[in-house]
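The chain contents come next:
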Amino acid sequence: MADLVHPARALWWLFEPVHAVTYFSPEGRAAFEAAGLRGGWRGYFAGRSAPLGAVDAPPVIAAFFSFAPSMVERALPDVWTRAAPEAALAARVEGSSAALARLLEHVKPEQIELVADLLEQAVARLDCGGRVLAAANAALPHPVGPYGRLWQAATVMREHRGDGHVAALVSAGLDGCEALVVRSALDVRREVLQPMRGWTDEEWEAAAARLVERGWVTERGTITECGRIRHQSLEAATDLAAARVWEGYPRAELDRLAAALKPISALCRSALPPINPIGLPAATA
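Worth saying up front: this structure is predicted, and the values here are computed from it rather than measured.

Q: Please provide a residue-by-residue account of the overall build of the protein chain, values included.
A: The helix and strand tally for the protein chain stands at 15 helices and zero strands. Relative to the compact-globule value of 19 Å for 285 residues, the protein chain shows a C-alpha radius of gyration of 19 Å, a close match. Summed over its atoms, the accessible surface of the protein chain is roughly 13,000 Å², and 57% of this surface lies on carbon and sulfur atoms. Between the centroid of the 29 positive side chains of the protein chain and the centroid of its 33 negative side chains there is a distance of 3 Å.

In structure tokens:
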């Protein structure tokens, strides 16, 4: 594993695409629709929040962070009239397992089992204090079958990092819309981020104005030197919050996990749109 980035971030780059197939694959969408969750966003909000139970919008607004409250409120609690949390949980495992079976059809079964085992071992070592989504996912029973096990372990790991990232954003004084404005100043265009997170033009412009006043971005929407430094600091804080689970691993074990996960991750990455709001660097990076 290269030392150019923090090991926690390098490993996130590898397990995030495994998790994301549930939202971007045709199998994932079909499983949610079969459960009664027609429309991509119903499946997303129901599937991702189902470990919390049949919650209303406010806890999900807080946990998902970058979504406009109005977008969450359109989905919750309505989705629970269409599919119970248990059905959404079953659908996400079913769809993800089917997607992984297709994408990884030429990967040796023993390699899939190895990665699932290694990620489950990491999950067992997680401290989920202060991380609600990670804790709720970690409490779920292991799915039957290697693809479901692989997907769920990757999901717990990414929600653990995501919870820590939200804490870092809050510590940096950013709200959900402001975090997206900063992101759009760095790489992903506003035209992609804003509609995918549901913020109105008025909300976006107000967030941008606050960031201009604080010196994070320019009036043209480009990142300032101050903003770049602050962004690097919050990314470092995210890495630090995710690092504890990996600190007890010998370097050889981290390299073993990364080497086994890399080809699986690359195949899953091929199913994701090249421009998306997940936060991964370009596939060629």
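Q: Could you give an account of unusual backbone geometry, naming the residues involved and the relevant values?
A: The omega angle of the peptide bond from Leu76 to Pro77 is 5 degrees, so this bond is cis rather than trans. Within the element layout of this structure, Pro77 appears in the loop between α5 (69-75) and α6 (79-82). Despite not being glycine, Phe65 shows a phi value in the positive range, around 70 degrees. Relative to the elements of secondary structure, Phe65 occurs in the loop between α4 (57-64) and α5.

Q: Can you lay out helix α1 (residues 7-24) for me, pointing to particular residues and giving the numbers?
A: Three- or four-residue spacings in an α-helix give side chains the same orientation, since the helix completes a turn every 3.6 residues. For α1, spanning 18 residues, the distance from its first C-alpha to its last is 26 Å, which sits close to the expected 26 Å at 1.5 Å a residue. Taken as a whole, α1 carries its principal kink of about 30 degrees at Val18. Counting buried residues along α1, 14 of its 18 residues qualify, which places the element largely inside the surrounding structure.

Definitions and limits used
- Residues numbered from 1 in each chain as written.
- Predicted model: local features only at pLDDT ≥ 70, side-chain atom pairs only at ≥ 80, totals over all residues.
- Heavy atoms only, no water.
- Helix = DSSP H or I, 4+ residues; strand = E, 2+ residues; numbered from the N terminus.
- Rg over C-alpha atoms; globule rule 2.2 N^0.38 Å.
- Areas by Shrake-Rupley, 256 points an atom, 1.4 Å probe, with all protein chains shown as cover.
- Lys, Arg positive; Asp, Glu negative; His and termini not counted.
- Charge placed at Lys NZ, Arg CZ, Asp CG, Glu CD.
- Expected span 1.5 Å × (residues − 1).
- Bend = angle between axes of the 7 residues up to and from the residue.
- Buried < 20%, exposed > 50% of the residue type's maximum accessible area, 1.4 Å probe, protein only.

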